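# Results of the structural survey
One letter stands for each residue in the lines below.
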Amino acid sequence: MRKYKKIYIEITNHCNLNCSYCSKTKRKKKYMSLEEFEMILQKIKGYTDYIYLHIKGEPLLHPNIIEFINLANDYQLKVNLTTNGTLLKKVSKKLGNCNNLNKINISLHSEQNSKNYFEEIFDSIKDLSKNTTIVYRLWTLNNNQLDEKSTKIVEKIKDYYHLSTKIVEKIKKEKNINIYPQIYVDKDNEFEWPAINNHKSCGYCYGLKTHIGILVDGTVVPCCLDAEGIVNLGNILKDDLEDIINSTRYKNLQKSFQDRNPCEELCKNCTFKERN
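One structure accompanies this document, and this report is about it. Small disclaimer: the values here were computed from a predicted structure and weren't measured.

With respect to the element layout, Ser150 can be found in helix H5 (residues 148-161). Its relative accessible area of 2% is what places Ser150 among the buried residues. When sequence neighbours within four positions are dropped, the list of residues in contact with Ser150 reads Leu138 and Leu141.

Next up on the list: the packing of aromatic side chains. Scanning all chains against the criterion turns up 11 aromatic pairs. When the ring of Phe122 is compared with that of Tyr160, the centres are 4.9 Å apart and the planes differ by 45 degrees; the resulting orientation is tilted. With Phe122 in helix H4 (residues 117-128) and Tyr160 in helix H5, the pair connects residues that are 38 residues apart, well separated along the chain. Pairing Tyr161 with Tyr180 gives two aromatic rings, centres 5.5 Å apart and planes at 50 degrees, and the pair type is tilted. In this pair, Tyr161 is assigned in helix H5 and Tyr180 in strand E6 (residues 177-180), connecting sequence segments 19 residues apart. For Tyr161, a relative accessible area of 10% translates into the label buried.

For strand E7 (residues 183-189), the buried fraction is high: 6 of the 7 residues fall into the buried class. Bridge analysis of strand E5 (residues 133-141) against E7 gives 6 bridges, and the strand direction is parallel. The partner of Leu138 across the bridge, within E7, is Lys187. Of the pairings in the sheet, the one linking E6 to E7 comprises 3 bridges and is antiparallel in character. Pairing of Asn178 across the sheet is with Tyr184, part of E7.

Cut-offs applied
- Residues numbered from 1 in each chain as written.
- Predicted model: local features only at pLDDT ≥ 70, side-chain atom pairs only at ≥ 80, totals over all residues.
- Heavy atoms only, no water.
- Helix = DSSP H or I, 4+ residues; strand = E, 2+ residues; numbered from the N terminus.
- Buried < 20%, exposed > 50% of the residue type's maximum accessible area, 1.4 Å probe, protein only.
- Contact = heavy atoms within 4.5 Å.
- Phe/Tyr/Trp six-rings, centres within 6.5 Å; stacked < 30°, edge-to-face > 60°.
- Pairing = 2+ DSSP bridges.

As far as function goes, none of this settles anything; it's purely spatial.
If you want it as structure tokens, here you go:
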């Protein structure tokens with residue numbers, strides 16, 4: 001049986017923000033049901049040890065988020081969350097009771113209007129970080145340089161955690177810096193969402209090798225950047241994962257990734273593979 005490093009599961013494509021750097025989905029808005037989620041867990045059991053509740057949307061918007069995480073625990077799956085952080089204050093105590101919550105990635109560059117946004121997030125993860133890795137993300141840089149907004153965010157982090165000048169300089173120059181027990185600051189350049197009209201290029205992709213994605217309607221895609229389900233490999237709510245893996249489209253795309261010459265138009269136009 002194939003083993004993936006992670007499987008992305010989009011439990012909702014609803015979001016409470018409208019950030020300019022995030023691509024706008026044209027798909028029908030939906031919340032995955034608990035029954036659909038369990039069906040997916042049954043079908044991916046044994047294929048991975050980690051699920052990421054993220055592709056598009058804000059996972060903490062889902063009214064059953066705690067039930068989803070606990071259900072994943074029943075299937076011996078560790079859960080990683082990626083969130084804009086605006087709803088952490090409301091659910092942090094319940095999240096703290098989830099034994100299988102492995103990591104929370106918080107996009108601190110999210111475009112929000114709350115005055116107390118940073119303080120509420122920092123306060124919310126105090127107890128969470130005892131058992132869960134927290135990663136503050138700054139992923140909208142240019143040439144790995146902090147812009148004015150990112151610099152202000154780093155200052156907020158510095159003041160709250162009383163960081164030394166040495167640590168702040170490391171944050172500015174390096175990636176994934178440990179600033180407190182179980183708490184990290186990671187940064188990267190803003191990436192371009194793949195689209196058919198982007199420039200074509202060759203390159204290696206880890207899609208289908210280390211991970212796959214499952215959209216809220218069950219559509220299986222090669223990675224979390226196929227936000228519109230253009231490379232539709234099948235539907236896990238209708239098909240077994242093994243049948244999808246053995247399909248002609250899956251196998252052709254997998255081989256083309258290995259040959260560094262993607263066969264799908266969307267993948268040809270994806271610039272993320274140039275980072276590999």
